[in-house]
Amino acid sequence: MSTAVSPLAPTDVPDMPVIAGVRLATAAAGIRYKGRTDVLLALFDKGTTVAGVFTKSKCPSAPVEWCRAKLKGGSARALVVNSGNANAFTGKTGKASTALTAQIASKAAGCATSEVFLASTGVIGEPLDATKFDGVLAKLSESATPDLWMDAAKAIMTTDTFPKVATTTVKLGRATVTINGMAKGAGMIMPDMATMLSFVFTDAPLSSAVLQSLLKTGVEDTFNAVTIDGDTSTSDTLLAFATGAAAAQGAPKISRASDPRLKAFAKGFQRVLANLSEQVARDGEGARKLVEVVVEGATTKPSARRIAMSIANSPLVKTAIAGEDANWGRVVMAVGKAGEPANRDKLSISFNGIRVARSGARDPSYDEAEVSEAMKAPKVQIKVALGLGKGRDRVLTCDLTKEYVAINGDYRS
């Protein structure tokens, strides 16, 4: 975890409200870090439903495999998250570690191990000593309270420079329901179903199937549209929990994703995911600029997404942004290598609203001084118009600085 907060960190951090049916506690278990919290325990009232999406990596972590198997039950009573060790690529030892952690947590929470969900983040390939949770989780269960959202978000950080939280309220029937979320992630980020770790909580009475549908739809234009370095983590996990407590205030129980009463909630849920995913981009390791890549005029939306990701993942584009250089030649390169339909002579490119190239050449009105000044902004938008169709998409990334190399050059040291 860096000691210097990203200059792109949000200046307005929300007060996180209590969600009925959720209690939180954190501790320092000495997983890897010294002198800081590294374990989060979230406890849920009976009746809490759960859903999740995970990395598509063919080398998933042991906690990812554990959660996938337990999702079938559809209910949750506890969530244990640790930072400092990903428990990934740890073989039989990793599986045994998850089983022991779940056993310790189930005893502390008074529930079945099938109702315990796990997530780990940190170094890959090092065994996780689950005995460090013994005693710790029992104490956390006794001390858990509903209002420790910021502490919880801090406990799951690794190279993050600030805790990432978001909240909103929406109407569901006669009741006002709350949606809270937290996330961590700053490097090894090009999500493929989720981000490194993210958790969303609500008091709405939703079935696990409804939650699953909301997640599957919600990640596509939020977490899956963010890239820091083009690397998909072994540990990508996004879990959602619905306690159903708002039913007592008149919120209707929703069991179908097509229920029209869910419309406002779905928008609020999407807002929380979008907020959290942008914070991940803002906290990219070593980042000094938030970069929005917009591709329009593509043959299809998926084609626009692939081109946008090609641009956003280009080290040459990202270092040019870091150097405040509107190097459209690198953008042309990234469009051309994407393997998607493109016509050089129809292409136009803009940086922060200033068109620098069109019709396959430099724009006649190009002004180097004007563009250079625009590139000094903390947020840079790269817009590419292909002129081939109606396909449009948007992804977020950040610049690539020397600090990124420094952070990752000694990550295990």
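As shown above, the structure is provided for reference.
Just so it is clear, the structure is predicted and the values come from calculations on it, not from any experiment. (Residues numbered from 1 in each chain as written. Predicted model: local features only at pLDDT ≥ 70, side-chain atom pairs only at ≥ 80, totals over all residues. Heavy atoms only, no water.)

### Details of the overall build of the chain
Piece 1. The helix and strand inventory of the chain stands at 11 helices and 15 strands.
Piece 2. Against the compact-globule benchmark of 22 Å for 413 residues, the chain has a radius of gyration of 22 Å, which places it among compact chains.
Piece 3. Classification of the 413 residues of the chain by burial places 56% in the buried group.
Piece 4. Side-chain charges of the chain comprise 50 positive and 39 negative groups, with the mean position of each set lying 6 Å from the other. (Helix = DSSP H or I, 4+ residues; strand = E, 2+ residues; numbered from the N terminus. Rg over C-alpha atoms; globule rule 2.2 N^0.38 Å. Buried < 20%, exposed > 50% of the residue type's maximum accessible area, 1.4 Å probe, protein only. Lys, Arg positive; Asp, Glu negative; His and termini not counted. Charge placed at Lys NZ, Arg CZ, Asp CG, Glu CD.)

### Quick notes on the pattern of salt bridges
Any two side chains of opposite charge can pair, so long as their charged atoms come close to each other.
Piece 1. Under the defined criterion, the tally for this structure stands at 19 salt bridges.
Piece 2. The partner of D160 in a salt bridge is K164, with the nearest N and O atoms 2.7 Å apart. A single burial state applies to D160 and to K164, both of which are buried.
Piece 3. Between K376 and E373 there is a salt bridge, with its nearest N and O atoms 3.5 Å apart.
Piece 4. Take K376: its relative accessible area is 48%, and that puts it in the partly exposed class.
Piece 5. Within the structure, one salt-bridge network assembled from shared partners comprises D160, K164, K184 and D283. (Salt bridge = Lys/Arg side-chain N within 4 Å of Asp/Glu carboxyl O.)

### Quick look at the packing of helix α7 (residues 301–312) against helix α9 (residues 328–337)
Piece 1. Their axes nearest at 8 Å, the elements α7 and α9 cross at an angle of 135°. Looking at the two axes, α7 sits oblique to α9. The way α7 lies across α9 gives a crossing that is right-handed. Two secondary-structure elements touch here, α7 through I307, S310 and I311 and α9 through V331, A334, V335 and K337.
Piece 2. Residues that form the contact of α7 with α9 fall into these classes: five nonpolar, one polar and one charged. (Axes fitted to C-alpha atoms, helices over the stretch in contact; angles between N-to-C directions. Parallel < 35°, antiparallel > 145°, perpendicular 65-115°, else oblique. Left-handed = near helix turned anticlockwise from the far one by under 90°. Contact = heavy atoms within 4.5 Å. Nonpolar A, V, L, I, M, F, W, Y, C, P; charged D, E, K, R; others polar.)

### So, the sheet that holds strand β9 (residues 237–242)
Piece 1. Spatial strand order, β3-β9-β8-β7-β6: five strands in an open sheet with mixed pairing. Single-partner strands in this sheet number two, and they are β3 (49–54) and β6 (164–172). Between one strand and the next, the sheet's axes are offset by a mean angle of 15°, whatever the strand orientation.
Piece 2. When strand β8 (residues 197–202) meets β9, the two strands line up parallel, connected through six bridges. What sits directly across from V200, in β9, is A240. (Pairing = 2+ DSSP bridges.)

### Comments concerning a negative patch on the surface
Piece 1. Side chains of D325, D367, E368 and E370 sit close together on the surface and give a patch of like negative charge.
Piece 2. Checked against the element boundaries, E368 lands in helix α10 (residues 368–374).
Piece 3. We classify E368 as partly exposed; its relative accessible area is 45%. (Patch = residues over 30% accessible without salt bridge, like charges linked within 9 Å, V, L, I, M, F, W, Y side chains within 5 Å. Areas by Shrake-Rupley, 256 points an atom, 1.4 Å probe, with all protein chains shown as cover.)

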